[in-house]
Amino acid sequence: MRQIVGAALAAAAALLAGCAWQPGLGNGRTPSVYQDERFQPDETFSRLFDAGVADTCEAARRALLSQGYVVSTARPDVINGSKRFQPEGAVHMEISFTVVCVPEGAGGAVSTAYVSAQQDRYVIKRASTSAGLGVGALGSISVPLSSSEESLVKVGSETIPAGPFYDRYFALMQRLLADLRDTPH
């Protein structure tokens, strides 16, 4: 009898151990994304430019404007801009850019542009509503006047990973910096 109880307890313990929570296994808990952060020097969210902070951020601003982005903040050292897309009928996307320009070395003749872009995904959600009518002596009456309201609801947001997207942006900034040098201020 003790052997059967011992075996049953061992089997139950093994079963519980197999059901223990592990990140990313669909058990209702989301793994911590910070554990995947590399903090490696080879990331391409920044680029060194042979220009001062003001000219570097001006090239960043012009690069966004030339691609249809709406610039919401334009300071000599920070640029914020965004652009909206509708790739499908009920799906809307928005890309938001943040560019921070920082001086490097003595004299400020060289600067680094740190760029991060975020992509937000929205879908159209429909909500049905019905009207109720309150009549003093009779109480409330439900009237079958229904309508449907549509609204955009954010369903996802992520930082666009480093790679060719940023390389194209930095290449455009470099070209615009060359144009700025050729144009008298």
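Everything below is about the structure shown above.
Numbers given to residues run from 1 along each chain, matching the order in which its sequence is written. Local features are withheld for residues below a pLDDT of 70 in this predicted model, meaning they are given only at 70 or higher, and side-chain atom pairs are given and counted only at 80 or more; totals for whole chains, interfaces and linings count all residues. Excluding hydrogens and water, the side-chain values take into account all heavy atoms of the structure.

**Q** So what exactly am I meant to see when it comes to the packing of aromatic side chains here?
**A** A pair of aromatic rings is counted whenever rings of Phe, Tyr or Trp (Trp by its six-membered ring) have centres within 6.5 Å, and the orientation is called stacked for planes under 30 degrees apart, edge-to-face for over 60 and tilted otherwise. By the definition in use, this model includes 7 aromatic pairs. Aromatic pair F45 and Y166: ring centres 5.1 Å apart, planes at 65 degrees, arrangement edge-to-face. With F45 in the loop between α1 (2-18) and β1 (46-49) and Y166 in helix α3 (residues 164-182), this pair connects stretches of sequence that are 121 residues apart. Any residue under 20% of the maximum accessible area for its type is buried, any over 50% is exposed, and the rest in between are partly exposed; the area is computed with a 1.4 Å probe on protein chains only. Accessibility expressed as a relative area gives 25% for F45, which makes it partly exposed. Taking the centre distance of 4.8 Å and the plane angle of 40 degrees together, the rings of F97 and Y169 count as tilted. Linking F97 in strand β4 (residues 91-104) with Y169 in helix α3, this pair joins segments that are 72 residues apart in sequence. The buried category is assigned to F97, whose relative accessible area is 3%. In this structure an aromatic cluster arises from ring pairing among F45, F49, Y69, F97, F165, Y166, Y169 and F170. Only runs of H or I of at least four residues qualify as helices and only runs of E of at least two qualify as strands under DSSP, and these elements are numbered from the N terminus.

**Q** Mind showing me how you'd approach the environment of A59 here?
**A** With respect to the element layout, A59 can be found in helix α2 (residues 53-66). Looking at A59, the relative accessible area reads 0%, which means it is buried. Sequence separation between A59 and L180 is 121 residues; the distance between their C-alpha atoms is 7.8 Å. Any two residues whose heavy atoms approach within 4.5 Å are treated as being in contact. Contacts of A59, omitting those with residues within four sequence positions, involve M173, L176, L177 and L180.

**Q** Is there a simple way to explain the pairing of strand β3 (residues 78-88) in this structure?
**A** Two faces, one strand: in a regular strand the side chains alternate between the faces of the sheet. Bridge analysis of strand β2 (residues 70-74) against β3 gives 4 bridges, and the strand direction is antiparallel. Paired with A74 across the two strands is I79, which belongs to β3. By the convention used here, strands pair only if DSSP detects at least 2 bridges between them. Sheet analysis places β3 next to β4, joined by 9 bridges and oriented antiparallel. Paired with E88 across the strands is V91, a residue of β4.

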